[in-house]
Structures are given as C-alpha cells and as structure tokens.
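# Remarks on the overall topology
Each chain is listed here by its residues.
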Amino acid sequence: MSAGGLSAGVEVAPAGAKRRLSPMIYLYLAVAALAVVSLVRVLTGANDLTSSGTVAAALTAAVPIALAGLGGLWSERAGVVNIGLEGMMVLGTWGAGFAGYQWGPWVGVLAGVALGAVGGLIHAVATVTFGVDHIISGVAITLVAPGLTLFLAKLYFAKAPGGGQKQSPPVADVQKVSIPGLSSLLGDLEQKHWFLVSDVAGLLRGLTTGLSLLTLLAVLLLVGTAYVLWKTPFGLRLRSCGEAPHAAESLGVNVIKYKYSAIIASGAFAGLGGAILAVSSGQFRDGQTGGRGYIGLASMIFGNWRPGGLAAGAGLFGYTDAMQLRGEESVHALLLLLGLALLVLAFIQLRAKRFAVASVAVVLGAAFILWFATTDKAPPELVTAAPYVVTLLVLSLAAQRLRVPKYVGQIFRRGEG
Amino acid sequence: MHALVGENGAGKSTLMKTLYGMHRPDEGTITIDGAEVTFHNPADAIAAGIGMVHQHFMLADNFTVLENVVLGTEPKTGMSLDFKAARAKIKEISARYGLGVDPDSLVDNLGVGERQRVEILKVLYRGARILILDEPTAVLVPQEVDELFGNLRDLKAEGLTILFISHKLDEVLSVADDITVIRRGTTVASVEPGEVTARQLAELMVGSALPVPELRESTVTTTPVLEVSGLSVTGSDGRTVLSDMSFTIHAGEVLGIAGVEGNGQAELVEALMGIRPLAGGRVSLQGKDLAKESTRDRRDAGMAYVPEDRHRQGLLLEGTLWENRILGHQTKAPSVKAGGLLLDRKGAREDTERIVKDYDVRTPGIEVAIASLSGGNQQKLIIGREMSGNPVLLLASHPTRGVDVGAQAAIWEHIRRARAEHLAVLMISADLDELIGMSDRLAVILRGKLVAEYDPKSVTPEELGSAMTGAGEGVS
Amino acid sequence: SGSDTGSGSTPAPGNGSGAPASVKVGLAYDIGGRGDQSFNDSAARGLDKAKAESGIEVKELEAAAGETDAQKEDRLRTLAEQGYNPIIAIGFAYQGAVGKVAKDNPNVKFAIVDDFTPGTDDGANIANLTFAENEGSFLVGVAAALKSKTGNVGFIGGVNTPLIQKFEVGFAAGAKAAKPGITVQSKYLTQPPDFTGFNDPAKGETAANGQFDQGADVVYAAAGGSGSGVFKAAKAKNKLGIGVDSDQYNLPALADVKDVIITSMIKKVDLAVYDFIKSVKDGKFQAGNKVYDLKAGGVEYATSGGKIDDIKTQLEDYKTKITSGEIKVPATK
Amino acid sequence: MGRFSVRSISLGLAAPVAALVFALLVCSLILAGTGHPPIDVLDQMVKSVQRPRTLVNSINSATTYYLSAVAVAIGFRMRLFNIGVDGQYRLAAMLAAAFAGSSFLSGMPSFVRILLTLIAAMAVGAIWAGIAGFLKVTRGVSEVISTIMLNAISTAIVAYLLNADRLAVKVAGSNNIGTATITEGGRVPGFAYTGSSSKIFGLIILAALVGFLYWFMLNRTRFGFDLKATGLSESAAVASGVNVKKMVLASMLISGAIAGLVGMPQLLGSSYSYALDFPAGLGFTGIAIALLGRNHPVGMAFAAFLWGVLDQSSNVLDISGVPKEIVVIMQGIIVLSVVIAYELVRRYRLKLEQRDVGRALGTTKTAAEVSA
Ligand SMILES: Nc1ncnc2c1ncn2[C@@H]1O[C@H](COP(=O)(O)OP(=O)(O)OP(=O)(O)O)[C@@H](O)[C@H]1O
Ligand SMILES: Nc1ncnc2c1ncn2[C@@H]1O[C@H](COP(=O)(O)OP(=O)(O)OP(=O)(O)O)[C@@H](O)[C@H]1O
Ligand SMILES: [Mg+2]
Ligand SMILES: [Mg+2]
C-alpha cells in the first residue's frame, strides 16, 4: 500500500488543460466572498466573523498547520509521503522548549528546526535507503516522537525551574510588530460595522497588528518554497524525483541526494511548525501539537500539492478554528454563511448541469439555513467540529482535480529504470 | 553509426546502460578517444560526452519539454533557473536539426514521435559526442523513421558517433556502418551491412530462420461477431478522441488497425472493453448490445484483451503466475467455483501449468512472482490466459511488442489457430509487417477516425505509412 | 526506590492489623502524572508532605493515555500485591478499578479522589475524597464579577467533562450572585476523549482573546496547562485572569504572567491525600465519601499578590454564607 | 521453487527473527544509556507476562487491537488509507452502548441482544466509514483527509450525545458520565483463567472469527481477489473487469463495519457502558499493528499480542523505576526494524528468484521443470 492511493476512477486534472485564472479573477472572487461574509455579518450581527481579532487568531492558528503542510509538500514533491509530520512537529516543540528556555526563543526555534530535521533524516534513511513503505516509517516516527520527548522531558525539564515532567520552563515569545498608526485607524473603521468597509478594515488590521516575527517568517518560507521549487534548478531536480526519478537519474541527477534533502527539509519545516507553536505558547507541553501535523497534511492535499493552495487550506482551517474558539455566536452565523455558500454553489453546479451535486448542495444549504433560523446558538459540543465540517464540505463540493506527484509513495531503487 | 542487434534479453540494453554509467561492469574497460574511462553514474558519462535515449521514454509527463530537457544541466541566472536562456537554446537546437519541438508544451500532451524527438533533444542539449539510441524506432511509423535517420545522418556528418539498437533488421542494414551481433551477453559476430542479408543477420542472432507473419488460407466467415457503429469517445478534458467509428469483424477474421500511436487506437480498445465510457454509438457482440455493459460483463460475453502496456494493464507484477492467470477470468472456471464466488486455486494452478506448457513460458514454476519473468515470457502468459475460456473476440494491442523472434512466431501461431476456430480478432500493432502479414483486412486510424481500408495482400508498408500520417488521405 | 520489585512478594492477606507498622503508600496518578503542574501535582504535594513528615515508603505509578479499565485495575492490584497499603487512586477514571480491587483486598485501605459512585467505588475499605469545586469556583466568580469593569466575565474549560462543568456552574453562580446583570461567557477548548484541551496554551490564548474581544475583562481558566495561554492573552490585552487547582500566582512556570492572576480557585487534593495517609497511619481510617468543601477547607481562593485584598471582606462574606448553608451553590447545569 | 521449500520457510522466518534481535539491541542500548540494566528490564517484562493477570490483560488488549488492525488492513490491501477507524469505533461503541443499555431490550434472549448490539455497532461503523468511501468515489475527496476530518467530527457528535439530556445517564456523585449500564443479559461472559482476577473477553471468539473471515475473503473469494488486485495495480484490475468505485465503497463499508466491532469486546466484556474513560485511540494502534503484521491475518495476531504485552508491561516497568515511555519507543523501533528486515529479506528473495528465472531462461525447458 502506498499513500499515493487509489484514484478510484475519479477524474484527475487533464494534463495541459490548464485554465489558469488571472490574478484579477482571484481578486474579484475574494471580494465577492468577502461581500457574502459581510452580508451575513450584517444580517446576524456576528461582528466577530471578520473582526481583526478573528483574523489575527486565524493567522496564528494557521501558521503551524501551514508549516506542517509545507513539510508535507517538500517531501511529497520529492516522491515521499510523510505521515510522520505530527511526530516531527512534536520533536520541534520539544527542541524549542529545551533550547528556548535556556538561550532564548530564536535559538529555541533553531533547535526545533534541527530536531525536526533529525526526524526527517530518520524518515529518509528508512524510506530512501532501506526502501521501507513510507506510511510505515511515518507511523513509526509519529509513534516514537511523543514517547521520546516525554522521556527526554522527564530527564531534562523535571528539575528545571518552572519546568515539569511534561513541560519545559517558560520560553519567552519573539517580538511582534505593528504598522504604527494604521492599527488605530483601521480599528476605528472596523468599529463602525459598515458593510464591506469594516470587514476589509478588520481583515487588514488583523494582518498588520501585533504580527509575530515568526508569522512573517512562515509567510516568507511559503513564498520561498514556491520560488525554490518552481524557479530554481534545485527545485526542478527535487520535483523530478517525485515525478520521474528514473528519468532524473538517467540525466545524472543524484536522486537519493535530492530525496534526502527534501525529506530533511520536510522534517525541518514540521519542526519549525512545532517550534513556533511552543514558542508562541510560551513553553513545550506534552501533547501540545494536538494533531496539527495531520491537519497540515490534509491542508497540503486540500491545496493540491501547491504552496498557495496549502496556505488557503491552512487558512480556512485556522479561520474556522479561531472562530469556534473565540465564541459560539459567530459559529451560529457560520451556519447561515454555509447555507448561503451552498446555495451559491448549487446555482453554479446547476449551470454546469451537474444536477446531483446541485441538489445535494441545495438540500444541505437549506438544512443549514433552517438550522440557523430555528436556533439561537449552535450546541457547544458540535461547535468544536466546525473547522472539520467546513473543510470536508468545501472539499466535497468544490471540484476536486487532484494532481498528485506521479511517483509519490513509490519506492525508488537505483538503476531500476 | 554502429548498430547492435540481438534477440530479446541478449543483453543489449544492459550493455548500453553500462556504457552510460548506470551499471558498473564486473570486468573489462571502456575507452573513449583512446583514453580509458570509469563511470560511476550517468553524470560521469554525460560529462564524458555520452548521451543516451532509452528503450522506454525517460520523461516526466507533468513537466514541460523545457523542464525535461534542462533537468540536470540547468542554465542559471543567480540562483534562479534561466528559463529564457534555456528556451532560446532549445529553440535553436530544435530549428537546427528540424526537430520541431515547442519548449513550453507539456510532455503529457505529446505523441510518441514528438517524445522521441524530445529525448534526442535532451541528448543534443548536453552537447553529447556519442549518442546511444536503444530501439528508437520501435514506436515510429516508416516516415518518422526516415525522418529520424535523416537527423542522425546530419549528426554523423557533424562528427558525432552514434550507437543504436534495433530489432528491424532492414533498417539496420540500410543505415549502419558497422553491426555487432550479441547473444546471451557476448559478441557473436561483427559484420558490415554490405556483407550480410537480413536473413543471415537473423540467423546470427538466434541461430534459426526468421519467422514470417502470415495467415495462410482465409478462414473468414459471414457471421458478424463485433459490430460497431457510430462509436465516439470523449477524453477527460472534453476533447473528442474517437468520432463516428463503424466497422464489423466476422468470426474467423482478423481486422488490423494501423495508425501512428496516439491517434485513438488505445482509446478504441479501451472503449470496446468498457474501460472508457462511450460518448455515443453502438457496440454489439454476437448481436448483443454492449454499450451499457461493464468490463466484466463484456469479458463474460466472450471478449478477451491483450493490453498494449502489459505492466500497467495486463499483470499484477507482485502476484504469482497462477494469480495472474485468474486476472480477467475472475468469473469463469477454472479460476472460480461455487457460482463464481469462491476462487478455485487448484483449478487455476492446474490451468496455469497448462499455459506454461502450451505457450512455452520459461519459468522455474508457477509460484514465482511474474515480475521476475522477462517481458517476453510475461507476454506469453498473457496470450495464453486470454486465449483460454474460448473467447469469441480478441482485442490484441501490440501482441508481440518487445517479444523475441521465437516467441513472436509462437504467438502468431496461436492467433492463427484460434482464428481457424472462428475467433474474431481486432489487432493493433506498430509493426506494419506484422499487421500486413496477420490481418484479413486492414483499416487505418487517423485522428480518431477510420480513414482508409486496405487489402493486406496488396498493400505495402510505405503506402500504409503515408495513409497513417495523413499523406495518403482519400485513398480507399 | 522499590527494593522488592520482584513478583510473588504478595503478603498473605489478613496478616496485618488495622494500622500497619511501617506504612507503604501506593499512589496511582491519572493521565498526566506527577509534574502536570495541576491536579496530579497537587496530589504529589500531599504525598511528599506525608513522606517528609514521617518517612513513609511510597510508590507512584501513572496512567497512560487511552488505557483500559483493566490496566488501571492491574496497576492497583500490582500495588496491593507488593504490599502497598494504603493505596490512593487519583481521578474519577479509577472508579471501576478501585471498586473491584478493594473488594478483593479487604485488608488494604483505598482512597479515590474525585469520585463517589454508590455501587461502584464504595466499600468498607474505600475512602472517597471529593471536592466542592463549585463552591470554590463560586467565590472566584464573585471576585471576577467585583473586579470586572465591563460587567462581562469569561470561563474557559479545558475539556468538556462533568467535572469541569462543576467549575463553570459554580463560577457563573458566583458572578451572578455578585452582579445580577453580568454576562458570563463560557468556552471549552476540546471535547472528550480529546484531552488535548488541557495541554494546548495556543487554544487557550485564542479562546481568551475571543472573550476579551467580546467585552470580558476577567477570565477564569479551568483548563490545566492551557491556562498559561489564557494569562498570556490577558497580559497582552491588559485584562485579568483567575487560576485553578493550585495557587497559580506562585507557580514558577507562570512567573511572567503572574501579575494578571488576581486569584486562583485552589482545590486541595494535597490536603485530602495528606489527611488520608495520616488517618491510615493513625489507625483512624474512615470509609465513605469525604467531601472537601469550603467548610472543610478543601477548596479555597488564593490571595497571593494582593490583587483582591480590596474585596476580601465581600468574599469572606459569601464564604460564610456558603459554609453556613445560606447559599446553596449549584453543581450541575 | 515450491511453495513450502526449506528456502522459502527459512527466508520467511529470517525477517521477524532479525527484526526482533535488532529491536532488542537498540532498546538495550537506550536502556543501558539511561542507566537501566537491559537484562533486568527484559527479565521484568518476561516475568510480567508469565503472571496470569497480565497475560489475560494482554490477550484482551490484543483482541481489540486485532479487530482494529483488521479494519485498517482491509483498506491497506487496496491502497485505501482508513485513518478513520478511530472515529468509527468510538461513534459505533457509543451508539451501540446506548442501544444495548436501553430498557426495551431487556425482555429478549441474551444472544439476540448481543447480536443486535454487534449489528448496530457494525452498521454505525460502516455508515461512518461509508461517508469517506462515498466522497471518494463521487467527489474524489482523498480518504486521508476525509477520515481525519470525520474522526474529529465523531468526537464532537459523541460529546454532544454523551449528555444527560440525550443518550447518557448521570450518576450522582460520579464525575464520569456514560450511557446506561448494560444489564446482565446484554453482556458477553468471559473465560476465566486460573490465577487471574480478570477474564478473557468472550468476544475473543469474534476477533478470531473476523480474522478467519478476513483471511478467507482475501484468499478464497473472488471479492478478495478483486480487492487485492486493485491494491496491486488499479489499472490492471480495471482492465480485468473490476469496478474500482464499487470496490472502494465496499471495502470502506467492510472496514468500517469491522471498525465498529473494535469497542465491543471492551464494552460487552468489561465496561458495560460507554463513558468518558472508554479507551480512545485504538484506531491508531490498529494502523501500527496492521503494518507490523504486514496485513496478514496471523501476522497481525502476533503483532497485536506483542503490542498488548508491551502495553501491559508498562505498569511493571513503572513500578521498577524504568520510565514507561520506553515501551512506546520500543514499539516504534520494533515496527521500523521489522519492516526494514522484511525489505532486506524481500530484496534477497527477489535476487534468488531472478537467478532461478535466469537459469530457466538459459536452458531449454525440461518436463521436470515444467511441473516444478
Ligand atoms: N541481477 C540479475 N541477475 C540475473 N538475472 C537477472 C538479474 N536482473 C534481472 N535478471 C533477469 O532478467 C530478466 C528480466 O529482465 P528484462 O525484463 O529486462 O528482460 P528482457 O531482456 O527485456 O526480456 P524481454 O525481451 O522478454 O522483454 C529475468 O529473467 C530476470 O531473472
Ligand atoms: N546484472 C546482471 N547480471 C546478470 N544478468 C543480467 C543482469 N542484468 C540483466 N541481466 C540479464 O541480461 C539480460 C539482458 O537484458 P537487456 O535488457 O539488456 O536485453 P536486450 O538485449 O536489451 O533485450 P530487448 O531486445 O528486449 O531490449 C536480461 O534478460 C537479464 O537476464
Ligand atoms: Mg533492450
Ligand atoms: Mg526488454
């Protein structure tokens, strides 16, 4: 079994039929989406839907997920499935805790990256050198990492001041930056609760106020990944290992080396995600990753193995998660939003003559709107599920044209081409 | 221009891979321009000016031509890949040798001929002085072959050394300056084209006479088996790949379909097998409409299928021989019992032994993984499997591709025998001699349409070739 | 530590008298164990105190995540077999295990913290040490309401379990008692069996920020390790927080944010554990439910940092009303 | 080469033996490095298994692990990655517990009650897994994502239902909350084992039956052949007439139905209600065990037992002062080393096989070889 998985006869994107949307179209789409959200906000009075606080929290929540997703991207683009991201993230949290309390947050981040990279190295040795099934190696790493970090925590943190057997001593946070003046200006606008204008203000304010340098770093890495993988010789070679390693080998590319670099980088990214989580929470805690590695992997698949897509996936997840954590009121409004979005989707699908999807969307959409109309709040237990439900709905109803790297999950052996 | 010939598994590819640094020789030396060299990997060979076009395409389908070509020797500006420079250089080489390759098209969209040219471009891009071409013509039609050899002659004139492998002995005799014949890993002869005939060359290769594909007497009946009318198929991207196809195959008849690869023959076979949905038209087998039936129902109705890519569609490589015997026959005795719900392992094993014997599959036993058999022996097992259970229609895509001469003769003989027993056959092949020799009727497919029909008794490969490329359109 | 760890050293039951001469205390933690800076640590403090005072021998074992009842049972039985008596089980998850093992070891004294389920974990040799978390939470709810300028306070629970709901209910009751019109927001970070809500400061911070943005200015964090995120948010936004379980103002791990912790709802598991060990040692073991409520000093509000000195009289007032029974604090929604 | 030649048997044994030796070696190094004499620790663990109670507990854990592993393995066999066994079994156990605990069943004969409970659990598991299967075949949603999401969603649903206003009952004084306790007639009696206070789960028979059916289905039925064929090569399976979409849906449903059973031995043999302390995370253990047992019905049984023993020995290690995390580390190392050993042996076996084929190729075939 390999995680390339079955295509199950589902249409994959036809090669070459790249209907590249122009940036302007994306902008229009974004504005239209924001308008719908804004409408729902005005209708429901759930101002938290687009408040700067929600946006900032969404960004914070999305960063570790996106970094784990980037880790998955690097690895899978080089043809290796990395289900061990969660484990590598755990290593990152420990590294950040260990170095962070002694030598400051930045050293902590570096240590997290390094430990994550070690996790990646182990995965590389197992999958590339020993040809172990990628899933097995990943599961083993995810299994060992929490045990190992706990073992090490008992060894190193139990006696440290402010530490414990399951947590590191406190780690200072890194600097946060804001654009002076802008914040208060946007804040005033946001407080007006005008249609669209306040939403844009909230969005911008959330993105520009109290921004952690680590968040900036994550954004840079996202852009940097896109550049390195698609615009440099190194990236081309790395991606060739995920598409046609034997062809690459026949052109003198050292496939093993690139696979190693990619998987180690993958671990480093996941480790960084963990480290950022630890540093921004002020300490390492056992179990603190809480499955974010898996969500990162999911966001990468969601994003169709592309940095922009995975950022969107992580952002969507972060947004809904932040919203549900911040209060139940906006989740109730989310019901209406989902209902409306589904109806819009039904309309689009109807025009494309996909009646089955359209009718499912109508029924679901009506159900959500009915649910919204007949209740005052969503049951708090179910609210926790909001990010997962939304992700699943978006995935199921949006056209899925996955373009998996062709050789992903397969075991490459030298000279077998 | 040096040619290397030998039967399947003689070691030709292995030797070339060794020259290209993909395998290490156990002993012996490689000398270039009088200097002894040692290659640890292809990069060393490339540095020494060797370029290789492999027997199977070595291309990343999801990359553009440009990305495929520059991979490994990318021009840079600063840190970035210099797409502009690369594009210019590719266009320049492409123009110089008349390769007609667009650097920005996606390889997935290219036909085999174009892919072959991309492979050559890759080699030229690296400035190779020694070109190794492993069976470059296997998938090309005569016109494309001529074009290719024209290109190679130009290169030769520029002082390049070319080493090529081919099973098509006429071709070898017409273009090579020297010929080396190898058998079971050693050189058995070094000859010049002037000294030998194709027949002699074949005898040197295998130690026996070259078999001729021919059907002998006609067994065609008037009973229609497969009737196809107005068949059309749309690709996943919405393009029409087959349009308005109509033909009938009778019991005891072989209909050969000639065409340049990528003109819809793969889609035709898959549509007939029910693997691809039809956009329109009727398909009926012995009068029964199949258009809505599943692949399994079609197989149950008596269709047999030799796929063009045995590794992808014909075999479970990790499965044993007898498990592969069951594949495609999951509903029929002797593979299953109890109304088709349970496997009949004993029956399947016994029948596999029969196929191994009847079809001369060279294997130490039926419990080994089929992956460890050579391609030719794998193909023999597939033919034997598909011929069992008395099918009424055989869809055979390249039934002898990559198979050595002995096995080829055996496969032809089996098809002939089944045809005498009223099997209807749809045969697709890139080997025009095989098509002409083995068909009762020949049709040419071009851009998803049947454009011409020929009598194999009178047609020449050149005529066929021009019809296949569209040059002979209108001929009937 | 343990010198006789070999198997087969089971003392024959019945050869000990009511109060064994040298007390060997076995303690089984809930998930998290010693070092969780919270509930289990509090139990550990009680154990340490008893040990320091009288040099008893102790053995501590810890639960694993996702384990079954059988494993808990095995843990208690192993302790019993090795001659540990009394045996203390920390957490309601031990309810079934304690009942069974106690029945089979009538001469061993057991205690279970946080649970009293008649028919399951009651018996002649079981002491049930339970707490009135709602009463303590009531008092910090009063403190929150009195300290709030916006008339809006928040509750953040780690995981949505009945135990944590007790904190929520008490807190809301206290806040409303002190300021009838007050808004009480409430949020649980995760749902069981996802217990990461006790260990995810990032989630705590997000939830707290949400409540602050909705107008709250005092937030009560009954969320274990996630509480540090809550205090971090409070500090960044100049708001106030309330701690839980121990006096969190004095925890070294929270030194950076301690100035926003106005008080903590202290749940004295240490006291209960210490009392229990002492009672066994002194031969004064008492079976049955011992409720550590406000009156018994089992729950308390912290005053470290002096942030609530100004409202102390009011708090003491409420305390008296509760202990006297004048105010009955609800325990369930 | 015969099916049961000396060579194939010794090659088959080489891998697990080499792996175990390697794993022991690495763990010994870790133990020695942290100041715990490896021999003593091993001795502790071996002694603990010899204790009847630990043995029984290990067997009981293995029973649930095994069911979980089979559920995962069915997906693996056709390259479907059902990460969702966890959510499937929790939802199934909770609803089945509520169902089995409801009073209207009390009049029925015991075996009918048990059977209905099992069917209910299988149905819930199948439906929950079926959602992922359905989304995959109709909308192309990767089952990896959908099952991760469905796990979290099932957590929320269980939390919602596990409320005194809905399916749970609240017992005064208890801080736990669970479904109504299943009465005597709805329980599955266990097998007593001398010297152990706990009994072996009666539903171990169910696990054995599931294992047997899994084996039978894979190796003896056409469905199983289609399933394996799809896993080995989707394109070849399609060409052979397999309807992959149907297979995906069918195998997700079966996988989910078996996942639904994962909680049953514990529920009907020990807990008798689904409460907050019902074991969680068994789905992930199942993945590890399926991998360790290489999806083989017997291999997974051994793997499950080994896992159970390691889990149960953690109390013993804890009491002798060895950090119990060592158990988890050991489990991970065992998984990796077993897999590496298998891969090395596989490569060696392939080499031997190719040599055989090469020989057959070179020689003309004799009658003896044909029937070899
Ligand atoms: N290292 C090796 N030592 C011995 N035999 C080997 C080795 N590697 C491969 N083989 C043999 O090579 C054969 C498969 O090779 P391959 O498929 O390249 O054959 P081939 O020459 O292409 O055959 P065909 O012409 O039938 O396609 C098998 O017979 C296998 O046993
Ligand atoms: N390392 C090796 N040692 C021994 N024999 C080998 C080795 N590698 C390959 N072979 C054998 O050499 C044979 C030569 O295979 P090769 O692919 O070179 O054949 P070929 O002449 O190119 O045939 P084809 O015409 O089918 O391409 C294989 O059948 C295999 O049995
Ligand atoms: Mg070859
Ligand atoms: Mg070959």
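As shown above, the structure is provided for reference.
Note that this is a predicted model, so its numbers are computed, not measured.

## So, helix H17 (residues 386-397) of chain A
Residues and elements named next belong to chain A. Between its first and last C-alpha atoms H17 spans 16 Å; for twelve residues at 1.5 Å apiece the expected length is 16 Å, and the two agree. In terms of burial, H17 is a largely internal element, ten of the twelve residues being buried. Listing the buried residues of H17 in full gives Ala386, Pro387, Tyr388, Val390, Thr391, Leu392, Leu393, Leu395, Ser396 and Leu397.

## As for the sheet that holds strand S21 (residues 441-446) of chain B
Residue and element names in this part refer to chain B. Read across the sheet, six strands follow the order S16-S19-S20-S13-S21-S22 without closing on themselves; strand pairing throughout is mixed. Among the strands making up the open sheet, the edge pair consists of strand S16 (303-306) and strand S22 (449-454). Neighbouring strand axes in the sheet, compared pairwise and without regard to direction, differ in orientation by 20 degrees on average. As paired elements, strand S13 (residues 254-258) and strand S20 (residues 424-428) share four bridges and run parallel to each other.

## Describing the pattern of salt bridges
Throughout the structure, instances matching the rule amount to 69 salt bridges over all chains. Note that Lys166 of chain A is salt-bridged to Glu62 of chain C, the shortest N-O span being 2.7 Å. Remark: Glu62 of chain C occurs in strand S2 (residues 57-62) and Lys166 of chain A occurs in the loop between helix H5 (134-156) and strand S1 (176-177); the pair is interchain, linking two chains. In this structure, Lys166 of chain A and Glu62 of chain C share a single accessibility class: buried. Residues Lys47 of chain D and Asp43 of chain D are paired through a salt bridge, measuring 2.9 Å at the closest nitrogen-oxygen approach. Linking Lys47 of chain D with Asp43 of chain D, this pair stays in helix H2 (residues 38-50), spanning four residues, or about one helical turn. In this structure Asp43 of chain D comes out as partly exposed when scored by relative accessible area, which is 37%. If you follow the salt bridges from partner to partner, you end up with Asp48 and Arg326 of chain A together with Asp213 and Lys237 of chain C in one network.

## Topic: the nonpolar core
Judged by nonpolar contacts, the single largest core of 294 residues is most densely connected at Leu152, Phe164, Ile179, Leu201 and Leu464 of chain B together with Met264 and Leu268 of chain D. The leading source of residues in this core is helix H14 (residues 325-362) of chain D, at 15 residues. When residues of this core are sorted by domain, at least three fall in each of domain 1 (2-206) and domain 2 (224-468) of chain B. Once residues lying within four places of it in the same chain are set aside, the contact partners of Ile179 of chain B are His2, Ala3, Val5, Val172, Leu173, Ala189, Ser190, Val191, Pro193 and Leu201 of chain B.

Rules behind the numbers
- Residues numbered from 1 in each chain as written.
- Chains lettered and ligands numbered in written order.
- Predicted model: local features only at pLDDT ≥ 70, side-chain atom pairs only at ≥ 80, totals over all residues.
- Heavy atoms only, no water.
- Helix = DSSP H or I, 4+ residues; strand = E, 2+ residues; numbered from the N terminus.
- Expected span 1.5 Å × (residues − 1).
- Buried < 20%, exposed > 50% of the residue type's maximum accessible area, 1.4 Å probe, protein only.
- Pairing = 2+ DSSP bridges.
- Axes fitted to C-alpha atoms, helices over the stretch in contact; angles between N-to-C directions.
- Salt bridge = Lys/Arg side-chain N within 4 Å of Asp/Glu carboxyl O.
- Core = buried A, V, L, I, M, F, W, Y, C linked by side-chain atoms within 4.5 Å.
- Domains from an automatic or database assignment.
- Contact = heavy atoms within 4.5 Å.

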